[in-house]
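What follows is the residue order along each chain.
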Amino acid sequence: MPESISTRSLQLAFGGLLLLAIAAAAYTGVLSKTPAAIEPTLGNLFLPGFKLDPLPGLEPARERHHANSTQYRWSAAQTVPGQAPFQLEAVVVHSSTSGELEINQLVRNAGLAAAEHEVQTLRADSGQADEEVAIAETGSDWVLRTCITPKGRALVTGLKNTLHAERTTGAKAKALQALGLQDNIRWECLLVSINLPKGESSQAALLAAWKDVKTPLFSWKKSAQP
């Protein structure tokens, strides 16, 4: 029995959608650059108890495998003396795959100084999530680095699983993502770097600086636009 016109039309329509999906995947995966990183709203960052002096940073950039937002840099000094001034840097890094979420890869993609990082887990109070930071030496400085997810987790080794858990789920979302009509998971976080001179401070001072600056940075995504 010959196929009905409606059945053949549905098959043709489905085939057309499939070809469009394949073409979109090929373009996104092979030909295009990584989509632009989200721009955080950090231009008016305020840290209670600190005076922030902006320093020159880098403009947003897009490469084949990663994209960066504007790079923000400040010199921070306590308004009441007691801690050595430190330098604070923050930039959103968007990687094309989860394989580029390792701390040294994130640092290289952001154009920051390379180092041998030692990851530390900072235990939080009951009911709050632990934090992961990486501490290293770069020349004459101590440096602390971590990456803050869009929902406010500071992580180094746990980035992939946490970002995956934060993705939109459900059959409808998966179908729209497969057709390229909705953003799939974005391997993206706010890379934070704090530098302190080794001769004037210690790792304990670096951790104290992180404790002072982290709360305002946790909300980097709340008012940002994709």
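Here, the structure is the one placed above.
Residues numbered from 1 in each chain as written. Predicted model: local features only at pLDDT ≥ 70, side-chain atom pairs only at ≥ 80, totals over all residues. Heavy atoms only, no water.

Draft legend 1. Structural view of the pairing of strand β7 (residues 131-138). Counting buried positions along β7 gives 7 out of 8 residues, so the element sits mostly inside the fold. As paired strands, strand β6 (residues 118-122) and β7 are joined by 5 bridges and run antiparallel to one another. Note on β7: the bridge partner recorded for Thr121 is Glu132. Connecting the antiparallel pair β7 and strand β8 (residues 141-148) is a turn made up of 2 residues, with Gly139 showing a positive phi of about 65 degrees. (Buried < 20%, exposed > 50% of the residue type's maximum accessible area, 1.4 Å probe, protein only. Helix = DSSP H or I, 4+ residues; strand = E, 2+ residues; numbered from the N terminus. Pairing = 2+ DSSP bridges.)

Draft legend 2. Molecular detail of helix α2 (residues 103-110). For α2, every residue scored as buried is listed here: Ile103, Leu106, Val107, Asn109 and Ala110. End-on, the buried residues of α2 take up no more than an arc of 165 degrees, which puts them together on one face. Those residues of α2 that are buried are in contact with β3 (66-68), β5 (86-95), β7, β8, α3 (159-165) and β10 (187-197). Backbone nitrogen of Asn104 and a side-chain oxygen of the N-cap are separated by 3.0 Å at the start of α2; the cap is Glu102. After α2 finishes, the residue Gly111 shows a positive phi value of roughly 80 degrees. (Arc of directions from axis to C-beta. Contact = heavy atoms within 4.5 Å. Polar contact = N/O pair within 3.5 Å; in protein donor to acceptor, adjacent residues only side chain to side chain.)

Draft legend 3. Representation of the packing of aromatic side chains. Evaluated as defined, the whole model comprises 3 aromatic pairs. Taking the centre distance of 5.5 Å and the plane angle of 70 degrees together, the rings of Phe50 and Phe86 count as edge-to-face. Taken together, the residues Phe50 in strand β1 (residues 50-55) and Phe86 in strand β5 connect sequence positions 36 residues apart. Aromatic side chains Tyr72 and Trp74 sit 5.9 Å apart centroid to centroid with 10 degrees between the ring planes, which places their arrangement in the stacked category. Trp74 shares its class with Tyr72; the two are buried. (Phe/Tyr/Trp six-rings, centres within 6.5 Å; stacked < 30°, edge-to-face > 60°.)

Draft legend 4. A look at the environment of Lys33. Mapped onto the elements of the fold, Lys33 is located in the loop between α1 (5-31) and β1. Expressed as a C-alpha distance, the spacing of Lys33 and His66, which sit 33 residues apart in the sequence, is 7.7 Å. For Lys33, the contacting residues outside a window of four places in its chain are Arg62, Glu63 and Arg64.

Draft legend 5. Quick look at the nonpolar core. Counting residues in hydrophobic clusters, the biggest one holds 33 residues, and the most contacted among them are Phe86, Leu88, Leu190, Ile194, Trp210 and Leu217. At the level of secondary structure, the elements contributing two or more residues to this core comprise β1, β4 (72-78), β5, β7, β8, β10 and α5 (203-217). Residue contributions to this core peak at 6 residues, all from α5. Residues within four places of Leu217 in sequence aside, it is in contact with Leu42, Leu45, Leu88, Ile148, Leu190 and Val192. (Core = buried A, V, L, I, M, F, W, Y, C linked by side-chain atoms within 4.5 Å.)

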